[in-house]
Amino acid sequence: MPVHTSGSSRENPRRGVGPGLALVSAVAFGGSGVAAKPLIEAGLDPLHVVWLRVAAAAVVMLPLAVRHRALPRRRPALLAGYGLLAVAGVQACYFAALSRIPVGVALLVEYLAPALVLGWVRIVQRRPVTRAAALGVVLAVGGLACVVEVWSGLRFDALGLLLALGAACCQVGYFVLSDSGAEAGGEPPHPLGVIAYGLLLGAAVLTVVAHPWTMHWSVLAHTARMDGRPVPAAALLAWVVLVATVLAYVTGVLAVRRLSPQVAGVVACLEAVVAAVLAWLLLGEHLSLPQIAGGVVVLAGAFIAQSSAPAPSSGPTVASGAERELPARETAT
């Protein structure tokens, strides 16, 4: 499907819908940590929460996997990367980080991924990057120093910060995989099919790692505490699966089909803002003024780094744009 159709009478309605879909996706993804943390604090292991999220979402997306059943034969490497990195790796590291550090801090650390991608391009691939991209990296790292308050000797749990950084590194791996896996002249895989099979593979891997048969299933039959208020654990899980996973992924993919990468990047950065605000309102996780300022700088740096990346080569589908832009949301929490 062409990414741009200049002058079409149907283009304006699509552009109008795109930002709305991207905003829905950012809000949905941003609420995942706020809903998951009370489940972790109620007694569920972070890996078990990740397994529940991914496995249930995979069941919901199963009809799409059946519809695109030829995809595993066509793009096994892409599906493996998406399942292992963007689904299992990102979610496991992010949710494990939530058990040790605040939601907003974990997500802001994860948003170092666009800056880390530029580091990969410059150091590993030895390709030049623009001054604007380098500025984005500097801003992101400097903002992160404010978020974790390095002048106080890293007030947050060091392991929690490393786990959040691991989530960012998993996203970097998928960015690189997607960029190197485009087939010139070939038909790009349908992104919803990639998501469906990524969730299935991620669920299979997490089943081996998380051992769900050892889970305290009784937690789901009781209530969890959200800043002191009782909330049904099953309702929180339903939000994590249906809203923060299925709705978030689907609307995110539909949004990037209608937006440029730059616009999608701006809206995707709202995910961290949404997470921090929701954690403040619902979990009572207050950030200091320097941390808020640092978060703004991290988001600005991440956006500059992302929007300054080299543009894909031109072609009938803009170098498999649907496939390349799969991580534009994902930034996948």
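How each quantity is defined
Every chain's residues receive numbers from 1 upward, in the order its sequence appears when written. The model is predicted, so local features are restricted to residues of pLDDT at least 70 and side-chain atom pairs to those at 80 or more, both for listing and for counting; the totals for chains, interfaces and linings are taken over all residues. Side-chain numbers come from the whole structure's heavy atoms, not from hydrogens or water. Helical segments are the DSSP runs of H or I of at least four residues, strand segments are the runs of E of at least two, and each set is numbered from the N terminus. Here's how the labels work: a residue is buried when its accessible area is under 20% of the maximum for its type, exposed when over 50%, partly exposed in between, all with a 1.4 Å probe on protein chains only. To measure how exposed things are, a 1.4 Å probe is used in the Shrake-Rupley method; for residues, cover is taken only from the protein chains shown. Each axis is a line fitted through C-alpha atoms, and for a helix only the stretch in contact is used; angles between axes span 0 to 180 degrees, taken between their N-to-C directions. Each angle receives one of four descriptions, namely roughly parallel if under 35 degrees, roughly antiparallel if over 145, roughly perpendicular if within 65 to 115, and oblique otherwise. In this scheme the crossing of two helices becomes right-handed for a clockwise turn of the near helix relative to the far one and left-handed for an anticlockwise turn of less than a right angle. In this analysis, two residues are considered to be in contact whenever any of their non-hydrogen atoms come within 4.5 Å of each other. Residues are grouped as follows: nonpolar covers Ala, Val, Leu, Ile, Met, Phe, Trp, Tyr, Cys and Pro; charged covers Asp, Glu, Lys and Arg; every other residue, Gly included, is treated as polar. Stacked, tilted and edge-to-face are the three classes assigned to paired rings of Phe, Tyr and Trp, where Trp is represented by its six-membered ring and a pair needs centres within 6.5 Å; plane angles under 30 degrees give stacked, over 60 edge-to-face, the rest tilted. As a per-residue measure, pLDDT tells how confident the predictor is, with possible values from 0 to 100. Polar contact criterion, stated in full: a pair of N or O atoms within 3.5 Å, where within protein one must be able to donate a hydrogen and the other to accept it, and residues adjacent in sequence count only if both atoms are side-chain atoms. Paired strands, in this sense, are two strands between which DSSP finds at least two bridges. Residues enter a nonpolar core if they are buried and are Ala, Val, Leu, Ile, Met, Phe, Trp, Tyr or Cys, with the set joined through side-chain atoms within 4.5 Å. Any two cysteine sulfur atoms lying within 2.5 Å of each other are counted as a disulfide.

Draft legend 1. Broad picture of the overall build of the protein chain. Counting its regular elements, the protein chain contains 15 helices and two strands. A buried classification covers 51% of the 333 residues belonging to the protein chain. Just so you have it, the protein chain exposes about 14500 Å², and 69% of that area is on carbon and sulfur atoms.

Draft legend 2. Broad picture of the packing of helix α2 (residues 32–41) against helix α3 (residues 46–60). At a minimum axis distance of 9 Å, the contact between α2 and α3 shows a crossing angle of 130 degrees. As far as their axial angle goes, α3 and α2 are oblique. Regarding α2 and α3, the two cross each other, and that crossing is right-handed. Contacts from S32, A36, L39 and I40 in α2 reach P46, V49 and R53 in α3. Residues of the contact of α2 with α3, tallied by class, amount to five nonpolar, one polar and one charged.

Draft legend 3. Local environment of the packing of aromatic side chains. Counted under the stated rule, the structure contains three aromatic pairs. Measuring from ring centre to ring centre gives 6.2 Å for W51 and W217, while their planes differ by 90 degrees; the resulting arrangement is edge-to-face. One end of the pair, W51, is in helix α3; the other, W217, is in the loop between α11 (191–210) and β1 (223–226), and 166 residues separate them in sequence. What makes W217 partly exposed here is its relative accessible area of 43%. Ring geometry for Y94 versus F95: centroids 5.7 Å apart, planes at 65 degrees, classification edge-to-face.

Draft legend 4. How the structure looks around the confidence of the model for the protein chain. Across the protein chain, pLDDT averages 75, with 74% of residues at or above 70. Confidence drops under a pLDDT of 50 for residues 180–185, and excluding neighbours within four residues, the segment shows ten contacts in the predicted structure.

Draft legend 5. How the structure looks around the side chain of S25. Mapped onto the elements, S25 comes out in helix α1 (residues 11–30). At 2.8 Å, the side chain of S25 and the backbone oxygen of A248 are in polar contact. Each residue touching S25, except ones within four places of it in the same chain, is listed here: A248, T251 and G252.

Draft legend 6. Representation of the pairing of β1. Every second residue of β1 is oriented toward a common face, the buried set being A224 and M226 and the non-buried set T223 and R225. The pairing of β1 with strand β2 (residues 229–232) spans four bridges and is classified as antiparallel. Opposite A224, over in β2, you have V231 as the bridge partner. Hairpin connection from β1 to β2: two residues lie between these consecutive antiparallel strands, with D227 at a positive phi of about 55 degrees.

Draft legend 7. Looking closely at the nonpolar core. The biggest cluster of nonpolar side chains holds 79 residues, and the ones touching the most others in it are L44, Y94, V103, I195 and L199. With twelve residues, the top contributor of residues to this core is helix α6 (residues 76–98). Once residues within four sequence positions are removed from consideration, L199 is found in contact with V54, A57, A58, M61, V87 and T245. Of all hydrophobic cores here, the second largest spans five residues; its members include A113, V117, V121 and A168.

Draft legend 8. Main features of the state of the cysteines. Summed over all chains, the structure comprises zero disulfides. Of all cysteine sulfurs in the structure, the one in C170 sits closest to C93, which takes part in no disulfide; the separation is 4.6 Å. Residue C170 is classed as buried on the basis of its relative accessible area of 14%.

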